[in-house]
Amino acid sequence: MSTGAVSGRFAVAGLGVTAQGVRLGRPARDLRRESLELALADAGLTRRDIDGYIGTSSEAFDDIRHLGLAPGFAWTMQSGGATAIWSLLNAIGAILTGQATTVVCVYGAAPTGGRMARADGSRGSFGSFAYGYPRLYGMIGAGMTHALHARRHMHRYGTTSQHLGAVAVAQRAHAAVRPGTIGYGAPITLEEHQASRLVVDPFRLLDCCRDTDGGVAVIVTSVERARDLRSAPAVVLGVGTGHNMRNWWTGEVYDLHDDIAPAAATAFGQAGIDVDDVDVAALYDPFTISVIMQLEAYGFCPEGEGGPFVAAGGTRLDGAIPTNTGGGQLSGFYATGFTAVVEGLRQVRGEGGATQVPDAQVALVSGHGGNGGVQNTWAHATMLLGVDR
Amino acid sequence: MSGPRRVLRPADVAPDDLDAPFWEACREQRFLLHVCSACGRAYWPASTCIDHGSVRMRWQTGSGRGEVHTHTVVHHAYDPGLADRIPYAIAVVRLDEGPFFHTDIVGCDPAEVAVGMRVHVVWDHLDDETVIPRFAPDPTGVPDDG
């Protein structure tokens, strides 16, 4: 294990995941309250043990009163789908600087009820954010911005709709045997993918995730403290970040899926391992192209070969890198960046059920978010999780 | 425009007045870029030069020409008011001076839009006060410094 401020010194001691699904009929803050209580029970902690709170929903400013917490600080973060990993990173930073010992990162949203308030005060789905002058021309939502990257990938490498469909089919196969996912019991075929309606070319309906309601809470503390608690620690081996504005300035922004290279270099550098040591990947996947481009960027397959890699079964349980074993956002549930965080944690905790990767020691988790209405997303975060040794 | 769709105007989507010179010039059918006079690098929208800061940024008339860098065809009406427009083509145009510009592509079937297609600005008079740029296939097909 490498030395450093982060690697091996901090752990997730508690994980709380509520029901995740469409039209649960529960307010978002009630989902956050339940996720907190589930995480506390998982860790064997009480509310009074929580001395730091990081909210990750834009409506979370007043959360701690409803949650009955009395932390030393409460702040909220928002960088779209990168927020989940960033919240854990900031929890570590708070502990490192003496602000707290036990920080809870809380997510909870109920977008399918139609009442979700967004950061700008408007209401609507996650998929219909729009920004700035491109709105004049009917440019709305993350589907369009991600389609711009998919089109470049198809142009440069010959990636096809069937390749995109292979991602959807592989992840649905995982979800189909994982209770509590939107794809549970409902496998799909490539023919069904091809027959689903076009939404934003090249994305068909089955290339796109859908909003779900749900809450997630993650309790971060030192490894030493985590070892004294109820559940086995999931150790944070490394965390890294990158920002796509760098690639905007060079004109490569649409050829890359976020600025993954520095995020990966930082995280793997802290962990002292390389991509061959990763047993399972939980990649942020609002659209099928995101999986293909991230597999390439992280080095699980050569550049431009992500489509054929997935089509050949590379992301299945028996493939080279089992990926999005909980179905991901596409077929599991959409808890923004917490979808991947939850699955990474479940895998290193051995709680992956029918899609548990045998002897999973290291999980790679990614998040990206904040599309700004002009390209897929600005922020990227990488986190490596491991079993306590 | 048909139907109940409210036509958006630049003032409806602009966060502030920093891009106002661009939209005002559109009324005179001039396509401006924000250019650093220290190095000549062109930007859109209003920007700060990554090498020279804000002091020498100037609005200058650009060519209004470029090529389709990437695109999509929208088949789903994300806003009910857009239902009468689908399918429509959205593109990122790489302007000949360098910046990206997001637009729809008019003047051809959306299915004909392709990476590398030469395009040029056309002016859409939304009303007596408001003109916005859109892009259409360029019949001359070659870069033109204008």
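These figures come from a predicted structure and were not determined experimentally. (Residues numbered from 1 in each chain as written. Chains lettered and ligands numbered in written order. Predicted model: local features only at pLDDT ≥ 70, side-chain atom pairs only at ≥ 80, totals over all residues.)

### Thoughts on the overall build of chain B
Stated precisely, the cut-off is as follows: Strands here are runs of E lasting at least two residues and helices are runs of H or I lasting at least four, both read from the DSSP assignment and numbered beginning at the N terminus. For a compact globule the rule gives 2.2 Å times the number of residues to the power 0.38, and the radius of gyration it is set against comes from C-alpha atoms. Three exposure classes are used. Buried residues have 20 or more other C-beta atoms within 10 Å of their own C-beta, exposed residues have 12 or fewer, and partly exposed residues fall in between, all C-beta atoms being placed from the backbone. Contacts are defined on C-beta atoms placed from the backbone: any two residues whose C-beta positions lie within 7 Å are in contact.
The helix and strand inventory of chain B stands at 2 helices and 8 strands. When the elements of chain B are put in sequence order from the N terminus, they spell out α-α-β-β-β-β-β-β-β-β. A compact globule built from 146 residues should have a C-alpha radius of gyration of about 15 Å, and chain B, at 16 Å, falls within 12% of that. Principal-axis analysis of the C-alpha atoms places the extent of chain B at approximately 45 × 35 × 25 Å. A burial count over chain B gives 34% of its 146 residues as buried. Within chain B, contacts between residues separated by at least 24 positions form 52% of all contacts whose residues are at least 6 apart in sequence.

### Topic: the overall build of chain A
Of the regular secondary structure elements, chain A holds 13 helices and 11 strands. In terms of overall dimensions, chain A is globule-like: its C-alpha atoms have a radius of gyration of 19 Å, near the 21 Å expected for 389 residues. Each of the three principal axes of chain A carries a C-alpha extent, and together these read 55 × 45 × 45 Å. Within chain A, buried positions represent 62% of all 389 residues. Contacts in chain A between residues at least 24 apart in sequence constitute 73% of all its contacts with a sequence separation of at least 6.

### Brief notes about the environment of Met144(A)
Turning to its location among the elements, Met144(A) is positioned in helix 4 (residues 142–157). For Met144(A), a count of 27 C-beta atoms within 10 Å corresponds to the buried category. Spatially, the C-alpha atoms of Met144(A) and Ser231(A) are 42 Å apart, while their sequence positions differ by 87 residues. Leaving out residues up to four positions away in the same chain, Met144(A) has contacts with Met139(A), Val200(A), Thr72(B), Val74(B) and Ile90(B).

### Focus: the pairing of strand 11 (residues 379–387) of chain A
All names here are of chain A. Let me state the cut-off plainly: Pairing between two strands requires that DSSP report at least two bridges joining them.
Summarising burial for strand 11: 8 of the 9 residues are buried, a large majority. Note that strand 8 (residues 234–243) and strand 11 share 9 bridges and pair antiparallel. Across the sheet, residue histidine 243 finds its bridge partner in strand 11, namely alanine 379. Judged from the 8 bridges that link them, strand 10 (residues 362–369) and strand 11 form a sheet pairing that is antiparallel.

### Quick notes on the interface of chain B and chain A
Our working rule: Classification used: nonpolar for Ala, Val, Leu, Ile, Met, Phe, Trp, Tyr, Cys and Pro, charged for Asp, Glu, Lys and Arg, polar for all others including Gly.
On the chain A side, the residues contacting the 26 residues of chain B number 24 residues. Only helix 1 (10–13), strand 4 (65–74), strand 5 (88–95) and strand 6 (100–104) of chain B provide two or more residues apiece to the side of chain B that touches chain A. Per element, the largest residue contribution to the side of chain B that touches chain A is 6 residues, and it comes from strand 4 of chain B. Residue composition of the side of chain B that touches chain A, grouped by class: 15 nonpolar, 8 polar and 3 charged.

### Thoughts on the domain arrangement of chain A
All names here are of chain A. Just so we agree on the cut-off: The start and end points of each domain follow an automatic or database-based domain assignment.
The domains assigned to chain A are domain 1 (10–120 + 214–227) and domain 2 (126–210 + 234–387). Placing a centre on the C-alpha atoms of domain 1 and another on those of domain 2 gives a separation of 23 Å. Of all the secondary-structure elements, those providing two or more residues to the side of domain 1 that touches domain 2 are strand 1 (10–17), helix 3 (83–96) and strand 7 (214–222). Broken down by class, the residue content of the side of domain 1 that touches domain 2 amounts to 19 nonpolar, 7 polar and no charged.

### As for the nonpolar core
Residue and element names in this part refer to chain A. Going by this rule: Residues of type Ala, Val, Leu, Ile, Met, Phe, Trp, Tyr and Cys that are buried and joined through C-beta atoms within 7 Å form what is called a nonpolar core.
Membership of the largest hydrophobic core comes to 151 residues, with the highest contact counts inside it found for Ile85, Leu88, Val218, Val236 and Leu385. Ranked by residue count, the leading element in this core is helix 3, at 9 residues. If we ignore the near neighbours within four places in the chain, the residues touching valine 236 are Val6, Phe10, Ala11, Leu88, Ile92, Met383 and Leu385.

### Some details on unusual backbone geometry
Cis rather than trans, the peptide bond between Asp201(A) and Pro202(A) has omega equal to 10 degrees. By secondary structure assignment, the location of Pro202(A) is in the loop between strand 5 (198–200) and strand 6 (203–204). For the peptide bond that leads from Ile86(B) to Pro87(B), omega is -5 degrees, which places it in the cis range. For Pro87(B), the location among the structural elements is in the loop between strand 4 and strand 5. Even without being glycine, Thr336(A) reaches a positive phi, approximately 40 degrees. On the secondary structure map, Thr336(A) appears in the loop between helix 12 (328–332) and helix 13 (338–348).

### Details of the sheet that holds strand 9 (residues 280–282) of chain A
Strands in a sheet are paired, the pairing made by backbone hydrogen bonds, and the direction either parallel or antiparallel. Residues and elements named next belong to chain A. Defined as follows: Inter-axis angles, ranging from 0 to 180 degrees, are taken between N-to-C directions of lines fitted to C-alpha atoms, where helices are fitted over the stretch in contact.
Reading across from one edge, 3-2-4-7-1-8-11-10-9 is the order of the 9 strands in this open sheet, with mixed pairing throughout. One side of each edge strand has no neighbouring strand; the edge strands of this open sheet are strand 3 (74–76) and strand 9. Averaged over all neighbouring strand pairs, the angle between strand axes comes to 25 degrees, with direction disregarded.

### Considerations on the sheet that holds strand 1 (residues 32–36) of chain B
With respect to topology, 3 strands assemble into an open sheet ordered 2-1-3 (chain B), the strand pairing being antiparallel. Of all the strands in the sheet, just strand 2 (42–43) and strand 3 (57–61) of chain B have a single pairing partner and so form its edges.

### Section: the pairing of strand 8 of chain A
Residues and elements named next belong to chain A. Of all 10 residues that make up strand 8, 9 are buried, and the element is covered over most of its length. As paired strands, strand 1 and strand 8 are joined by 3 bridges and run antiparallel to one another. Directly across from phenylalanine 10, in strand 8, lies its bridge partner valine 236.

### Digging into the packing of helix 5 (residues 161–175) of chain A against helix 10 (residues 288–297) of chain A
Residue and element names in this part refer to chain A. Put simply, the rule is: What sets the label is the angle itself: under 35 degrees gives roughly parallel, over 145 gives roughly antiparallel, 65 to 115 gives roughly perpendicular, and the rest give oblique.
Where helix 5 meets helix 10, the closest approach of the two axes is 8 Å, and the angle between their N-to-C directions is 95 degrees. Judged by the angle between their axes, helix 5 and helix 10 are roughly perpendicular. Contacts between helix 5 and helix 10 involve His163, Leu164, Val167 and Ala168 from the first element and Thr288, Ile289, Val291 and Ile292 from the second.

### Describing the packing of helix 4 of chain A against helix 10 of chain A
All names here are of chain A. Rule in force here: Take the far helix as the reference: if the near one is turned anticlockwise from it by less than a right angle, the crossing is left-handed, and if turned clockwise, right-handed.
Close contact between helix 4 and helix 10 brings their axes to 10 Å; oriented N to C, the two are set at 55 degrees. Relative to helix 10, the element helix 4 lies oblique. The crossing of helix 4 and helix 10 is left-handed. Across the interface between the two elements, His146, His149, Ala150 and His153 from helix 4 touch Ile289, Ser290, Ile292 and Met293 from helix 10. Considering only residue class, the contact of helix 4 with helix 10 consists of 4 nonpolar, 4 polar and no charged.

### Considerations on the confidence of the model for chain B
Counted only if it meets this: You can read pLDDT as the predictor saying how much it trusts each residue, on a scale of 0 to 100.
Of the residues in chain B, 92% reach a pLDDT of 70 or more, and the chain-wide mean stands at 92. Both scores are available for the predicted complex, with the pTM at 0.95 and the ipTM at 0.93.

### A word on helix 1 (residues 28–43) of chain A
All names here are of chain A. To be explicit about the condition: Here the expected length of a helix is defined as 1.5 Å per residue gap, with one fewer gap than residues.
Helix length check: helix 1, at 16 residues, gives a terminal C-alpha distance of 23 Å against a target of 22 Å (1.5 Å per residue), a fit within 8%. For helix 1, the complete set of buried residues consists of Ala28, Arg29, Leu31, Arg32, Arg33, Ser35, Leu36, Ala39, Leu40, Asp42 and Ala43. Its buried side turned inward, helix 1 meets strand 1, helix 2 (63–67), strand 4 (103–109) and strand 7.

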